[in-house]
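Structure at a glance
Below are the chains, spelled out letter by letter.
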Amino acid sequence: QVQLVESGGGLVQAGGSLRLSCAASGTIVLTRYMGWYRQAPGKQRELVATITVGGNTNYADSVKGRFTISSDNAKNTVYLQMNSLEPEDTAVYYCTFQTTNRGYWGPGTQVTVSS
């Protein structure tokens, strides 16, 4: 059984940094990409960043130049380095592993940026 566990969320002042981690336990076959999404109160879940197993990355325009996604495929772990955080980044952040057959999601970790 596959489980994803996020860590690294918390409360930070505007301009600060946080690093999120997501570790997958169990066997995941044919991973296509991994990524981070977020959902703020009253808003829909939105893409933050994705990374393929080959290392190709994609970012939402709102985080380009501030966030960096990376992965350790051997450890089934994906990271999100978040710099220059803004109050608008406040949300629950979810990691995902997407395979050819299905997607796996973590329970989410809260990130709160104070002004």
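The structure under discussion appears in the preceding block.
Keep in mind the model is a prediction, meaning the values are calculated, not measured. (Residues numbered from 1 in each chain as written. Predicted model: local features only at pLDDT ≥ 70, side-chain atom pairs only at ≥ 80, totals over all residues. Heavy atoms only, no water.)

1. As for the state of the cysteines
One pass over the full model with this rule turns up 1 disulfide. Between the sulfur of Cys22 and that of Cys95 lies a disulfide, 2.0 Å long from S to S. Around the S-S axis, the bridge from Cys22 to Cys95 shows a dihedral of about 45 degrees and counts as right-handed. With a gap of 73 residues between them, Cys22 in strand S3 (residues 18-25) and Cys95 in strand S9 (residues 91-99) connect regions that are remote in the sequence. For Cys22, a relative accessible area of 0% gives the class buried. On the accessibility criterion, Cys95 (0% relative accessible area) is buried. (Disulfide = S-S within 2.5 Å. Helix = DSSP H or I, 4+ residues; strand = E, 2+ residues; numbered from the N terminus. Buried < 20%, exposed > 50% of the residue type's maximum accessible area, 1.4 Å probe, protein only.)

2. Some thoughts on the pattern of salt bridges
A full pass over the atoms with the stated rule returns 5 salt bridges. Asp89 is the partner of Arg66 in a salt bridge, and the nearest nitrogen-oxygen pair spans 2.8 Å. Of this pair, Arg66 sits in the loop between strand S6 (57-59) and strand S7 (67-72) while Asp89 sits in the loop between strand S8 (77-82) and S9, and the two are 23 residues apart along the sequence. Assessed through its relative accessible area of 1%, Asp89 is described here as buried. When salt bridges that share partners are traced, they join Arg38, Glu46, Arg66, Glu86 and Asp89 into one network. (Salt bridge = Lys/Arg side-chain N within 4 Å of Asp/Glu carboxyl O.)

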